[in-house]
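# Summary of the model geometry
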Amino acid sequence: MDDLARLVATEDVRRVMARYVHSADHHRWDDLAALFLPDAPFIASTMDGSVQARMTGRAQIADQLKARNHPDSVLVHHLFSSEIDFESEDSATGVWAMEDIVTRPAAEGTGMHGYGHYRVRFTRLDGRWLIAELRISRLRLDPTR
(Lines give C-alpha, C1' and ligand atoms only; values in the text may rest on other atoms or scores of the structure.)
Protein backbone atom coordinates (compact mmCIF):
# COMPACT_ATOMS: atom_id res chain seq x y z
CA MET A 1 0.00 0.00 0.00
CA ASP A 2 1.61 3.28 -1.06
CA ASP A 3 1.47 6.43 1.08
CA LEU A 4 -1.45 8.04 -0.77
CA ALA A 5 -3.55 4.85 -0.62
CA ARG A 6 -2.76 4.55 3.13
CA LEU A 7 -3.84 8.16 3.77
CA VAL A 8 -7.10 7.70 1.86
CA ALA A 9 -7.82 4.42 3.64
CA THR A 10 -7.00 5.98 7.02
CA GLU A 11 -9.51 8.75 6.41
CA ASP A 12 -12.12 6.25 5.20
CA VAL A 13 -11.72 4.18 8.39
CA ARG A 14 -11.92 7.31 10.57
CA ARG A 15 -15.15 8.26 8.81
CA VAL A 16 -16.65 4.84 9.62
CA MET A 17 -16.04 5.50 13.31
CA ALA A 18 -17.37 9.06 12.99
CA ARG A 19 -20.57 7.66 11.46
CA TYR A 20 -20.70 5.06 14.26
CA VAL A 21 -20.75 7.70 17.03
CA HIS A 22 -23.03 10.04 15.07
CA SER A 23 -25.52 7.21 14.55
CA ALA A 24 -25.34 6.25 18.25
CA ASP A 25 -25.87 9.83 19.43
CA HIS A 26 -28.94 10.13 17.20
CA HIS A 27 -30.40 6.71 18.07
CA ARG A 28 -30.03 5.51 14.48
CA TRP A 29 -29.48 1.88 15.42
CA ASP A 30 -30.04 0.42 11.96
CA ASP A 31 -27.58 2.91 10.43
CA LEU A 32 -25.04 2.05 13.13
CA ALA A 33 -25.49 -1.70 12.57
CA ALA A 34 -25.08 -1.24 8.81
CA LEU A 35 -21.47 -0.17 9.47
CA PHE A 36 -20.68 -3.75 10.57
CA LEU A 37 -20.10 -6.87 8.51
CA PRO A 38 -23.27 -8.99 8.58
CA ASP A 39 -21.87 -11.42 11.20
CA ALA A 40 -19.54 -9.07 13.12
CA PRO A 41 -19.27 -9.26 16.91
CA PHE A 42 -19.72 -6.23 19.18
CA ILE A 43 -18.40 -6.81 22.70
CA ALA A 44 -18.47 -4.33 25.59
CA SER A 45 -16.45 -5.03 28.71
CA THR A 46 -16.49 -3.56 32.20
CA MET A 47 -13.46 -2.09 33.96
CA ASP A 48 -12.40 -5.51 35.28
CA GLY A 49 -12.54 -6.98 31.77
CA SER A 50 -15.70 -9.02 32.22
CA VAL A 51 -18.15 -8.96 29.33
CA GLN A 52 -21.05 -6.56 29.90
CA ALA A 53 -22.70 -7.10 26.50
CA ARG A 54 -22.10 -9.35 23.52
CA MET A 55 -23.93 -8.94 20.24
CA THR A 56 -23.30 -10.69 16.94
CA GLY A 57 -24.60 -9.54 13.59
CA ARG A 58 -26.36 -6.44 12.39
CA ALA A 59 -29.87 -7.36 13.53
CA GLN A 60 -28.79 -8.27 17.06
CA ILE A 61 -26.61 -5.15 17.35
CA ALA A 62 -29.48 -2.86 16.27
CA ASP A 63 -32.06 -4.65 18.44
CA GLN A 64 -29.95 -4.77 21.62
CA LEU A 65 -28.77 -1.17 21.37
CA LYS A 66 -32.34 -0.01 20.80
CA ALA A 67 -33.52 -2.03 23.82
CA ARG A 68 -30.70 -0.69 26.04
CA ASN A 69 -31.27 2.98 25.18
CA HIS A 70 -34.53 4.72 26.02
CA PRO A 71 -35.71 6.99 23.17
CA ASP A 72 -35.57 10.00 25.52
CA SER A 73 -32.00 9.28 26.66
CA VAL A 74 -29.33 11.69 25.51
CA LEU A 75 -26.18 10.01 24.23
CA VAL A 76 -22.89 11.82 23.67
CA HIS A 77 -19.84 9.99 22.30
CA HIS A 78 -16.36 11.44 21.75
CA LEU A 79 -13.45 9.76 19.98
CA PHE A 80 -9.81 10.76 20.44
CA SER A 81 -6.32 9.84 19.24
CA SER A 82 -6.93 7.20 16.61
CA GLU A 83 -4.22 4.63 15.92
CA ILE A 84 -4.87 2.81 12.65
CA ASP A 85 -2.68 0.03 11.27
CA PHE A 86 -3.15 -1.70 7.93
CA GLU A 87 -2.55 -5.43 7.71
CA SER A 88 -3.29 -5.36 3.97
CA GLU A 89 -5.11 -3.15 1.46
CA ASP A 90 -8.42 -4.56 2.72
CA SER A 91 -7.76 -5.16 6.42
CA ALA A 92 -7.03 -2.75 9.27
CA THR A 93 -7.12 -2.45 13.03
CA GLY A 94 -7.68 0.66 15.08
CA VAL A 95 -7.76 1.91 18.65
CA TRP A 96 -9.62 5.05 19.71
CA ALA A 97 -9.65 6.60 23.14
CA MET A 98 -13.28 7.33 23.92
CA GLU A 99 -15.62 9.09 26.29
CA ASP A 100 -19.36 8.57 26.45
CA ILE A 101 -22.10 10.24 28.43
CA VAL A 102 -25.59 8.81 28.77
CA THR A 103 -28.34 10.87 30.38
CA ARG A 104 -31.54 8.93 31.01
CA PRO A 105 -35.02 10.12 31.99
CA ALA A 106 -35.47 9.98 35.78
CA ALA A 107 -37.89 7.05 35.55
CA GLU A 108 -35.26 5.00 33.67
CA GLY A 109 -32.59 5.19 36.41
CA THR A 110 -29.11 6.60 36.49
CA GLY A 111 -27.02 7.59 33.54
CA MET A 112 -23.29 7.25 33.13
CA HIS A 113 -20.09 8.98 32.14
CA GLY A 114 -17.58 6.51 30.80
CA TYR A 115 -14.02 6.45 29.54
CA GLY A 116 -12.10 3.78 27.71
CA HIS A 117 -11.14 2.52 24.28
CA TYR A 118 -12.69 1.17 21.14
CA ARG A 119 -10.60 -1.62 19.60
CA VAL A 120 -11.82 -2.28 16.09
CA ARG A 121 -11.00 -4.57 13.18
CA PHE A 122 -12.05 -3.38 9.73
CA THR A 123 -12.48 -5.13 6.40
CA ARG A 124 -12.87 -3.45 3.05
CA LEU A 125 -15.59 -5.23 1.10
CA ASP A 126 -16.53 -4.10 -2.41
CA GLY A 127 -14.60 -0.87 -1.85
CA ARG A 128 -16.37 -0.03 1.43
CA TRP A 129 -14.75 -0.23 4.89
CA LEU A 130 -16.89 -2.08 7.44
CA ILE A 131 -16.42 -3.03 11.07
CA ALA A 132 -15.41 -6.71 11.32
CA GLU A 133 -15.24 -6.64 15.14
CA LEU A 134 -15.70 -3.93 17.76
CA ARG A 135 -14.65 -4.18 21.40
CA ILE A 136 -15.19 -1.55 24.07
CA SER A 137 -12.91 -1.66 27.08
CA ARG A 138 -13.58 0.59 30.05
CA LEU A 139 -11.07 2.48 32.16
CA ARG A 140 -13.61 4.30 34.27
CA LEU A 141 -17.40 4.45 34.58
CA ASP A 142 -19.16 7.03 36.76
CA PRO A 143 -22.90 6.85 37.42
CA THR A 144 -24.75 10.13 36.91
CA ARG A 145 -28.21 11.49 37.65
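Counting of residues starts from 1 at the beginning of each chain's written sequence and follows it residue by residue. Local features in this predicted model are restricted to residues of pLDDT 70 or higher, and side-chain atom pairs are both shown and tallied only at a pLDDT of 80 or more, whereas totals for entire chains, interfaces and linings draw on every residue. With hydrogens and water set aside, each side-chain value is computed from the structure's full complement of heavy atoms.

To continue, consider the layout of surface pockets. The rolling of a water-molecule-sized probe over the atoms marks out the regions of remaining empty space. The pocket and cavity definitions rest on a 1 Å grid over protein atoms only: a 1.4 Å probe that fits but cannot leave marks a cavity, an open set with protein on both sides within 12 Å along at least five of seven lines marks a pocket, and residues lining either have an atom within 4 Å of a point. Grid points are joined across faces, edges and corners, and a volume is the space filled by probe spheres set on the points. The calculated volume of the largest pocket comes to roughly 430 Å³. Together, 23 residues line the largest pocket, and Leu65, Asn69, Asp100, Met112 and Arg138 are the ones closest to its centre.

Our next topic: the pairing of strand S4 (residues 91–103). The two faces of a sheet get side chains in turn, since along a regular strand they alternate between them. Any two strands are treated as partners once DSSP identifies two or more bridges connecting them. Under the DSSP-based scheme used, a helix requires at least four consecutive residues in state H or I and a strand at least two consecutive residues in state E, with every element numbered from the N terminus. One ladder, built from twelve bridges, connects strand S3 (residues 74–88) with S4; its direction is antiparallel. Considered in S4, the bridge of leucine 79 is made with methionine 98. Counted along the chain from S3 to the antiparallel partner S4, the turn is two residues long.

Turning to the pairing of strand S1 (residues 41–45), a few remarks are in order. For every residue, the accessible area (1.4 Å probe, protein chains only) is compared with the maximum for its type, and the residue is labelled buried under 20%, exposed over 50%, or partly exposed between those bounds. Counting buried residues along S1, four of its five residues qualify, which places the element largely inside the surrounding structure. Strand direction decides the pairing type here: S1 and strand S2 (residues 51–56), joined by five bridges, are antiparallel. If you follow isoleucine 43 over to S2, its bridge partner there is arginine 54. Here S1 hands over to S2 after five residues, with glycine 49 in that stretch at a positive phi of 95°. Pairing analysis gives three bridges linking S1 to strand S6 (residues 128–144), with the strands arranged parallel. Across the sheet, residue isoleucine 43 finds its bridge partner in S6, namely arginine 135.

Next up on the list: the nonpolar core. Take the buried residues of types Ala, Val, Leu, Ile, Met, Phe, Trp, Tyr and Cys, join any two whose side-chain atoms come within 4.5 Å, and each joined set is a nonpolar core. Of all hydrophobic cores here, the largest spans 38 residues; its most connected members are Tyr20, Phe36, Phe42, Phe122, Ile131 and Leu134. Residue contributions to this core peak at seven residues, all from helix H1 (residues 3–25). Once you skip the residues sitting within four places of it in the chain, phenylalanine 36 turns out to touch Tyr20, Pro41, Phe42, Arg58, Ile61, Leu130, Ile131 and Leu134. The contact definition used throughout considers only heavy atoms, calling two residues in contact when any of these lie within 4.5 Å.

Turning next to H1. Helices are assigned an expected span. That span is 1.5 Å times one less than the residue count. Relative to the 33 Å expected for 23 residues at 1.5 Å per residue, H1 spans 33 Å between its end C-alpha atoms, a close match to the ideal helical length. Restricting attention to buried positions, one finds in H1 the residues Ala9, Thr10, Val13, Val16, Met17, Tyr20, Val21, Ser23 and Ala24. Looking at the packing, one finds that the buried side of H1 touches helix H2 (29–33), S1, S3, S4, strand S5 (111–125) and S6. Between the side-chain oxygen of the N-cap and the backbone nitrogen of leucine 4 there are 3.2 Å, and the N-cap of H1 in question is aspartate 2. Among the residues trailing H1, histidine 27 stands out with phi positive, at a value near 60°. Contacts described as polar in this section are N or O atom pairs within 3.5 Å, which, within protein, must combine one atom able to donate a hydrogen with one able to accept it, while residues neighboring in sequence count only if both atoms come from side chains.

With that settled, the discussion passes to the side chain of serine 91. Tracing the chain through its elements places serine 91 in strand S4. Discounting residues that sit within four places of it in the chain, serine 91 has contacts with Asp85, Phe86, Phe122 and Trp129.

Next up on the list: the sheet that holds S2. Adjacent strands of a sheet form backbone hydrogen bonds with each other and so pair up, either parallel or antiparallel. Taken together, the six strands give an open sheet; going across it, the order is S2-S1-S6-S5-S4-S3, and neighbouring strands pair in mixed fashion. Looking along the sheet, the strands with just one partner apiece sit at the ends: S2 and S3. Neighbouring strand axes in the sheet, compared pairwise and without regard to direction, differ in orientation by 15° on average. Of the strands in this sheet, S1, S3, S4, S5 and S6 are in contact with H1, which crosses S3 at around 155°. Lines are fitted to the C-alpha atoms to define the axes, a helix being fitted only along its stretch in contact, and any angle between axes, read from their N-to-C directions, falls within 0 to 180 degrees.

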